[in-house]
Amino acid sequence: MTGHIHSTESFGTVDGPGIRFVVFFQGCPMRCLYCHNPDTWEISGGREMTAEQLLEEYDSVKEFMKGGGITCTGGEPCLQMGFLTELFRKAKEKGIHTCLDTSGITFNENDTAHFDELMNYTDLVMLDIKHIDESEHIKLTGHSNKNILAFARYLSDNGKAVWIRHVVVPNITDNELYLKKLGRFLAHIKSLKALDVLPYHTMGKAKYEQLGISYPLGDTPPLETEKAVWARNTIINGIKEELTAARDKK
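Being a predicted model, the structure only gives us computed values, none of them experimental.

> Help me understand the overall build of the protein in this model?
Counting its secondary structure elements, the protein contains eight helices and eight strands. By the compact-globule yardstick of 18 Å for 250 residues, the protein fits well, its C-alpha radius of gyration being 18 Å. When its C-alpha atoms are laid out on the principal axes, the protein stretches across 50 × 50 × 35 Å. Scored against the burial criterion, the 250 residues of the protein give a buried share of 51%.

Here it is in C-alpha cells:
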C-alpha cells in the first residue's frame, strides 16, 4: 500500500509531545479561510510512499526524537485511512509513539469501524476544532462541524487522549461568546489532556501567490499574542463554569 505524502519534517517541536517526525499527507476536503497549506488540498499531489519508506526515514533520525515519535498531519490524514492505519500499526510494532493531527471531518458516528481500527494504533489525537458554532463553521470551512464534535465525544467515550487545537482569527473566532461556548463543550471531553490556542498568522499568504490563488482573508492582520492568551483564558473559564454548573445540579 502507498500513500500520497506532501512532505516530512524531521524535527517537529509543536506537533505533539517531545520531538516528532512529522508526516504531511496530501488531500483535504475543507477549505479553511486561514489555511496555510493550500498545496496539500489535492490528494493526487506529493510523493507516493510506502509505510516502510516513511519508517526508514524515521529510523534515520530516531536518535533525535527525544520523548517524541511520529505525527501524521496534512492536509487531512484520515482521507487516506487505510494507509494511515497501516503506517501507525507498523510504527507501534516498532514501539514508536503515534499522534494523529486531524480536523475530524471524515468521522461518521454511524460507521466507526475504520476509526476503531485506527485508534488501536493511535496514542494521541490532536483535534483541531475550527469553530464551535455550526453556521460560522460552514462559513469558515465550507463544512458543518457536527461530525467533528461527534468525533471529540467519540474520543472521550473511548478514553483516547486528545489535545484540542483552536486557531483564533481576528473578527472570526476572537469572540467571547463563541470561546465560552467552546469551553463549555470541552468540559464534557473526559480524555482532554491539553488545549492549544494558536494565534492566526499570515505566513501562508506566499503559497497562495505561488499557486495563483486569491488569499481569502486578504489583509487580516496576525493576532496579537496577548489576544491569544485572553482567548485561551476565556475558553478555560467556559470549562470551569460548565463544570461548576454540573456540580451544582447534583
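> I tried to follow the packing of helix H6 (residues 176-186) against helix H8 (residues 225-249) on my own but got confused; where do I start?
Two numbers describe a pair of packed helices, the interaxial angle and the distance between the axes. Look at H6 against H8: their axes get within 7 Å of each other, and the N-to-C directions meet at 50°. Considering the angle they form, H6 stands oblique to H8. Note on packing geometry: the crossing formed by H6 with H8 is right-handed. Residues Glu176, Leu179, Lys180, Leu182, Gly183, Arg184 and Leu186 of H6 form the contact with H8, whose participating residues are Trp230, Ala231, Thr234, Ile235, Asn237, Gly238, Ile239, Glu241 and Glu242. Per-class residue counts for the contact of H6 with H8 are seven nonpolar, four polar and five charged.

> Explanation requested: the side chain of Asp15 in the structure shown.
With respect to the helices and strands, Asp15 occurs in the loop between strand S1 (2-12) and strand S2 (20-25). Although Asp15 lies buried, it forms no salt bridge, and the closest oppositely charged side chain, Arg165, sits 4.3 Å away as judged by the N-O distance.

> For this particular structure, what's the right way to read the pairing of S2?
As a general feature of sheets, a regular strand has side chains that alternate between the two faces. Among the six residues that make up S2, six are buried, leaving the element largely enclosed by the rest of the structure. What you see with S2 is no split at all: Arg20, Val22 and Phe24 on one side and Phe21, Val23 and Phe25 on the other are buried throughout. Here five bridges tie S1 to S2, and the two strands are oriented antiparallel to one another. Along S2, the bridge assignment pairs Ile5 with Phe25. Here S2 pairs with strand S4 (residues 69-73) via five bridges, running parallel. Looking at the pairing, Phe24 lines up with Thr73 of S4.

> Help me understand the nonpolar core, please; the structure alone is not making it clear to me.
A general tendency of soluble globular proteins is for nonpolar side chains to be buried together. One finds Ile70, Phe88, Leu127, Ile129 and Leu186 to be the most contacted residues of the largest nonpolar core, which totals 71 residues. The element that contributes the greatest number of residues to this core is helix H5 (residues 146-157), accounting for seven residues. If near-sequence neighbours (up to four positions away) are discounted, Ile70 is found in contact with Arg20, Phe21, Val23, Leu55, Tyr58, Phe88, Ala91, Ile96, His97, Thr98 and Cys99.

The rules behind the values
- Residues numbered from 1 in each chain as written.
- Predicted model: local features only at pLDDT ≥ 70, side-chain atom pairs only at ≥ 80, totals over all residues.
- Heavy atoms only, no water.
- Helix = DSSP H or I, 4+ residues; strand = E, 2+ residues; numbered from the N terminus.
- Rg over C-alpha atoms; globule rule 2.2 N^0.38 Å.
- Buried < 20%, exposed > 50% of the residue type's maximum accessible area, 1.4 Å probe, protein only.
- Axes fitted to C-alpha atoms, helices over the stretch in contact; angles between N-to-C directions.
- Parallel < 35°, antiparallel > 145°, perpendicular 65-115°, else oblique.
- Left-handed = near helix turned anticlockwise from the far one by under 90°.
- Contact = heavy atoms within 4.5 Å.
- Nonpolar A, V, L, I, M, F, W, Y, C, P; charged D, E, K, R; others polar.
- Lys, Arg positive; Asp, Glu negative; His and termini not counted.
- Salt bridge = Lys/Arg side-chain N within 4 Å of Asp/Glu carboxyl O.
- Pairing = 2+ DSSP bridges.
- Core = buried A, V, L, I, M, F, W, Y, C linked by side-chain atoms within 4.5 Å.

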